[in-house]
Amino acid sequence: MIRENIMNKDNLSRILSNASNVPECPTDKFVNAFIAQMETDNVVSANDNVKKHKLLWAGGLIAAGLVLAFGIASTNQYGNLFAKPKVTMVATQNDNVAAPTDVSNQNLADDFASQMIGYDDISTIVPVDDL
Amino acid sequence: MQAKPLLFDPLLGHLRNAANGDKKAAAALVRAISPKLFGISYRLLQNQSDAEEVTQEALLRLWKIAKEWRAGEAMIETWAYRVVTNLSFDKLRSAKKFGADQLEDDTFMDDKISAEGELINRDISNEIDRALAQLPPRQRAVIVFTYFEAMGAKETAAAMETTIEAVESLLSRAKKSLKQALLNDEPELLNEYIAVAAI
């Protein structure tokens, strides 16, 4: 009778309760190993962050250097960036000046002539850069 | 379509804090979960150092997945049982105690018994352990989950990555195999088992 009913739930539970006990779980060992792995992985990720920061610094310096080099190369001899030199007309030649016919005209001519003093060749239009 | 109800997982807080580097939370998580993992692996492998190795590996995998853990999809404990069970099966396969096709094979049981039928020690504990050790791994697993870990069919199915119907079928075959293993000893001994258990 017992043999036939032996595998009902209650009997089986009773039989299996006689199985040997599980040894004590080495919980502390598992905890230490788990934390050691956490520390290893966190150290690895911290090192990765340091490398990233160094790369960032290096990249920043290079970028700054490039900007500086570009700025220097783009500045002309007069210190202007991308500036075209300014042209100012100082003197012009007027070929159509009429000869003075009277004294007032003569005065005009003298005045005109006095303005030309100092110029070797008034027929040349000389562009002068703004200093 | 009805949304899946969110599972309340008592270990979730510990896991999340551990993922953020909280060592106290990590210790609490391991203390909560490792005895059961160790118990399952020991029952399946019946070897302490193998059980420790498998449990440690399961805990390591839990740490690796901690940051990506998605709450509500599965219980952490159930996931861990699954991992430790699969690792134990791998261990049994690698030890060549059971081939891949013998994980659930019932016929394998008959050959084993006839080859190892001689009793060396009538100690009840040893005999029960021996009978359990003769079960194919998946039958052994379902006995361990149901009778030693007091898990229900649903939880056992989740841990073994199968259906409830498959668990019930497996349990039925496991009981039959266990009975056969125990009855192969002298029949009076089985009565003795019952008598001792009833005290």
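Criteria and cut-off values
Residues numbered from 1 in each chain as written. Chains lettered and ligands numbered in written order. Predicted model: local features only at pLDDT ≥ 70, side-chain atom pairs only at ≥ 80, totals over all residues. Heavy atoms only, no water. Helix = DSSP H or I, 4+ residues; strand = E, 2+ residues; numbered from the N terminus. Buried < 20%, exposed > 50% of the residue type's maximum accessible area, 1.4 Å probe, protein only. Contact = heavy atoms within 4.5 Å. Salt bridge = Lys/Arg side-chain N within 4 Å of Asp/Glu carboxyl O. Polar contact = N/O pair within 3.5 Å; in protein donor to acceptor, adjacent residues only side chain to side chain. Nonpolar A, V, L, I, M, F, W, Y, C, P; charged D, E, K, R; others polar.

Caption draft 1: Up close: the overall build of chain A. Tallying secondary structure elements over chain A gives three helices and two strands in all. Each helix (α) and strand (β) of chain A, taken in turn from the N terminus, gives the series α-α-β-α-β. For chain A, the proportion of its 131 residues judged to be buried stands at 15%. Taking the intrachain contacts of chain A between residues at least 6 apart in sequence as the baseline, contacts between residues at least 24 apart amount to 58%.

Caption draft 2: Looking closely at the interface of chain A and chain B. The partner chain B presents 44 residues to the 33 residues of chain A that form the contact. Applying the counting rule to chain A against chain B returns four salt bridges. In this structure, K23 of chain B engages E39 of chain A in a salt bridge whose closest nitrogen and oxygen atoms are separated by 2.4 Å. For the pair chain A and chain B, the interface holds eight residue pairs in polar contact (both at pLDDT 80 or more). Put simply, the parts of the chain that give the side of chain A that touches chain B at least two residues each are helix 1 (9–16) and helix 2 (27–74) of chain A. When residues in the side of chain A that touches chain B are grouped by element, the largest group, 13 residues, is from helix 2 of chain A. Grouping the constituent residues of the side of chain A that touches chain B by class yields 17 nonpolar, eight polar and eight charged.

Caption draft 3: Quick look at the pattern of salt bridges. For the structure shown, the criterion picks out eight salt bridges over all chains. Residue K29 of chain A pairs with E52 of chain B through a salt bridge whose shortest N-O separation is 2.5 Å. With K29 of chain A in helix 2 and E52 of chain B in helix 3 (residues 48–65), this residue pair bridges two chains. The buried category is assigned to E52 of chain B, whose relative accessible area is 15%. For E57 of chain B, the salt bridge goes to R61 of chain B, with nearest N and O atoms at 2.9 Å. One end of the pair is E57 of chain B and the other is R61 of chain B, both in helix 3 and four residues apart, which spans about a single turn.

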